Amino acid sequence: MEVAGPGTVVANGHPRPRCMSSYVNEGSTKSHHHYLARKTLLEMFRDRGYTIASSEIDPSPTEFRTAHDRSPNIDRLHNFKALHSDPSKRFHHAFF
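Residues numbered from 1 in each chain as written. Predicted model: local features only at pLDDT ≥ 70, side-chain atom pairs only at ≥ 80, totals over all residues. Heavy atoms only, no water.

What follows is about the packing of aromatic side chains. With the rule as written, the count across this model stands at four aromatic pairs. Judged by centre distance (5.3 Å) and plane angle (85 degrees), the rings of Phe-45 and Tyr-50 are edge-to-face. For Phe-45, a relative accessible area of 16% corresponds to the buried category. A relative accessible area of 18% means that Tyr-50 is categorised as buried. Relative to Phe-91, the ring of Tyr-50 lies with its centre 5.1 Å away and its plane at 90 degrees, an arrangement referred to as edge-to-face. Separated by 41 residues along the polypeptide, Tyr-50 in the loop between α1 (29–47) and α2 (54–57) and Phe-91 in strand β5 (residues 90–93) bring together distant segments of the chain. Taken individually, Tyr-50 and Phe-91 each receive the classification buried, so the pair is uniform in this respect. (Phe/Tyr/Trp six-rings, centres within 6.5 Å; stacked < 30°, edge-to-face > 60°. Buried < 20%, exposed > 50% of the residue type's maximum accessible area, 1.4 Å probe, protein only. Helix = DSSP H or I, 4+ residues; strand = E, 2+ residues; numbered from the N terminus.)

Running from N to C, α1 and helix α3 (residues 61–68) cross one another at 105 degrees; their axes reach a closest spacing of 10 Å. Viewed along their axes, α1 and α3 adopt a mutual orientation that is roughly perpendicular. Along the contact surface, α1 presents Ser-31, His-32, His-34, Tyr-35 and Arg-38, while α3 presents Pro-61, Phe-64 and Arg-65. Of the residues that constitute the contact of α1 with α3, the class distribution is three nonpolar, three polar and two charged. (Axes fitted to C-alpha atoms, helices over the stretch in contact; angles between N-to-C directions. Parallel < 35°, antiparallel > 145°, perpendicular 65-115°, else oblique. Contact = heavy atoms within 4.5 Å. Nonpolar A, V, L, I, M, F, W, Y, C, P; charged D, E, K, R; others polar.)

Let us now look at α1. Between its first and last C-alpha, α1 extends 27 Å over 19 residues, near the 27 Å set by a 1.5 Å rise per residue. Three or more residues of α1 are buried, namely Ser-31, His-32, His-34, Tyr-35, Arg-38, Leu-42 and Phe-45. The buried side chains of α1 occupy one side of the element, clustering within an arc of 170 degrees when seen end-on. After α1 finishes, the residue Gly-49 shows a positive phi value of roughly 100 degrees. (Expected span 1.5 Å × (residues − 1). Arc of directions from axis to C-beta.)

Counting residues in hydrophobic clusters, the biggest one holds seven residues: Leu-42, Phe-45, Tyr-50, Ile-52, Ile-57, Leu-83 and Phe-91. In this view, Tyr-50 contacts Phe-45, Lys-81, Ala-82, Leu-83, His-84, Lys-89, Arg-90 and Phe-91; residues no more than four positions away in its chain are not counted. (Core = buried A, V, L, I, M, F, W, Y, C linked by side-chain atoms within 4.5 Å.)

Here we take up α3. Taken together, the buried positions of α3 are Phe-64, Arg-65 and His-68. Buried residues in α3, looked at end-on, bunch into an arc of 100 degrees, giving them a common side. Of the surrounding elements, those touching the buried residues of α3 are α1. Two residues or fewer past α3, Asp-69 is found with a positive phi of approximately 80 degrees.

Here it is in structure tokens:
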């Protein structure tokens, strides 16, 4: 396939958007999916008032892979967080 420009490739003579997995660098597609899922989940809970530091949400994919390896162990991706307005209310997320 030939590259037609940023974010597109030419397939069968027609420009097509690149697959998300083609943006993944220096790691597995699986680790990138875990990175995106974890980031989205933490952003969602922060928006709902849970105490989540920006440093937990903002690491780059490379920093995520450094901490969790190219093929993350899902047991290490779980998290416990408390609601800012009522710390007795907590959530636990885990990937299966």
